[in-house]
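# Secondary and tertiary structure notes
Chain by chain, the residues run as shown.
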Amino acid sequence: LKGEIRSFNGDSMLVFFQGSKTTAINIAVNAALQIKYIISNKDGINPILEKYSAIDFGIGIDYGKILCTKIGLPRNLNNQDLIWIGRAVNKSTKISCERKYPNHVGISELVCNNLIDNLKFGTSQFLQKINIWTIGFLNYNNKLESIYSTNFHWPLT
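Attention here is on the structure that accompanies the text.

Reading the values: the criteria
Residues numbered from 1 in each chain as written. Predicted model: local features only at pLDDT ≥ 70, side-chain atom pairs only at ≥ 80, totals over all residues. Heavy atoms only, no water. Helix = DSSP H or I, 4+ residues; strand = E, 2+ residues; numbered from the N terminus. Buried < 20%, exposed > 50% of the residue type's maximum accessible area, 1.4 Å probe, protein only. Contact = heavy atoms within 4.5 Å. Areas by Shrake-Rupley, 256 points an atom, 1.4 Å probe, with all protein chains shown as cover. Core = buried A, V, L, I, M, F, W, Y, C linked by side-chain atoms within 4.5 Å. Expected span 1.5 Å × (residues − 1). Patch = residues over 30% accessible without salt bridge, like charges linked within 9 Å, V, L, I, M, F, W, Y side chains within 5 Å. Salt bridge = Lys/Arg side-chain N within 4 Å of Asp/Glu carboxyl O. Phe/Tyr/Trp six-rings, centres within 6.5 Å; stacked < 30°, edge-to-face > 60°. Lys NZ or Arg CZ within 6 Å of the ring centre and 35° of its normal. Polar contact = N/O pair within 3.5 Å; in protein donor to acceptor, adjacent residues only side chain to side chain.

Turning to the overall build of the chain, a few remarks are in order. Broken down by element type, the chain carries four helices and ten strands. Along the chain, from the amino end to the carboxyl end, the secondary structure elements read β-β-α-β-β-β-α-β-α-α-β-β-β-β. Put simply, the chain has 157 residues, and 36% of those count as buried. When contacts within the chain are restricted to residue pairs at least 6 apart in sequence, those whose partners lie at least 24 apart make up 55%. Carbon together with sulfur atoms contributes 53% to the accessible area of the chain, which is approximately 10,200 Å² in total.

Here's what the structure looks like:
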């Protein structure tokens, strides 16, 4: 999926995508839509998990500068006691907490404004171009901000 998993926190993970703003955003959104396919589609991992309750999950995506620094005592040379700080980390986490079935993937307005058409639009059953993102709102730092969510997914390519 072209991202680097840098942190597991309980039942969540933090993934970073490097590159220019447009490149990183579009790779991240494509990966999120593929993860949704893997988890929620019958051709993904769902058949393996059929004996368990359905997984409800959220994926949040934002873009911005992030500070990573080492703290505490070193344990693992690759990920030793790292802390990730920045608006993008915080906001994407808050967006993911708001996502639930069926709209598992959520993105900030900044991300939405930088999507390429392939990730912004789908095709209806009547072969019409439709925006796959639905606007919603998130109270972030005492300010109501637009966020977008979707129930679309892409198969792995």
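The next point concerns the nonpolar core. Counting residues in each nonpolar core, the largest one holds 19 residues, and the members touching the most others are Val 29, Ile 61, Ile 107, Val 111, Leu 115 and Trp 133. Elements supplying a minimum of two residues to this core: helix H1 (21-40), strand E3 (59-61), strand E6 (105-108) and helix H3 (109-112). The dominant element in this core, judged by the number of residues it contributes, is H1, at six residues. Those residues in contact with Val 111, other than ones at most four positions away along the chain, are Ile 25, Val 29, Ile 61, Asp 62 and Tyr 63.

With that out of the way, let us pick up helix H2 (residues 87-98). One turn of the α-helix equals 3.6 residues, which is why residues spaced by three or four share an orientation. For H2, spanning twelve residues, the distance from its first C-alpha to its last is 17 Å, which sits close to the expected 16 Å at 1.5 Å a residue. Every buried residue of H2 is accounted for by Ala 88, Val 89, Lys 91, Ser 92, Ile 95 and Ser 96. Those residues of H2 hidden inside the fold are in contact with strand E2 (12-16), E3, strand E5 (82-85), E6, strand E9 (134-140) and strand E10 (143-150).

A cluster of nonpolar side chains, contributed by Leu 67, Ile 71, Ile 83 and Ile 85, occupies part of the molecular surface with about 330 Å² of accessible area. Mapped onto the elements of the fold, Leu 67 is located in strand E4 (residues 67-70).

Okay, the packing of aromatic side chains next. Counted by the stated rule, this structure contains one aromatic pair. One cation-aromatic arrangement involves Lys 129 over Phe 121; the distance from NZ or CZ to the ring centre is 4.5 Å.

This brings us to the side chain of Ser 96. As for its placement among the helices and strands, Ser 96 is situated in helix H2. From its side chain, Ser 96 meets the backbone oxygen of Thr 93 in a polar contact 2.8 Å long. If near-sequence neighbours (up to four positions away) are discounted, Ser 96 is found in contact with Gly 58, Ile 59 and Gly 60.

The analysis is restricted to geometry; functional conclusions fall outside its scope.
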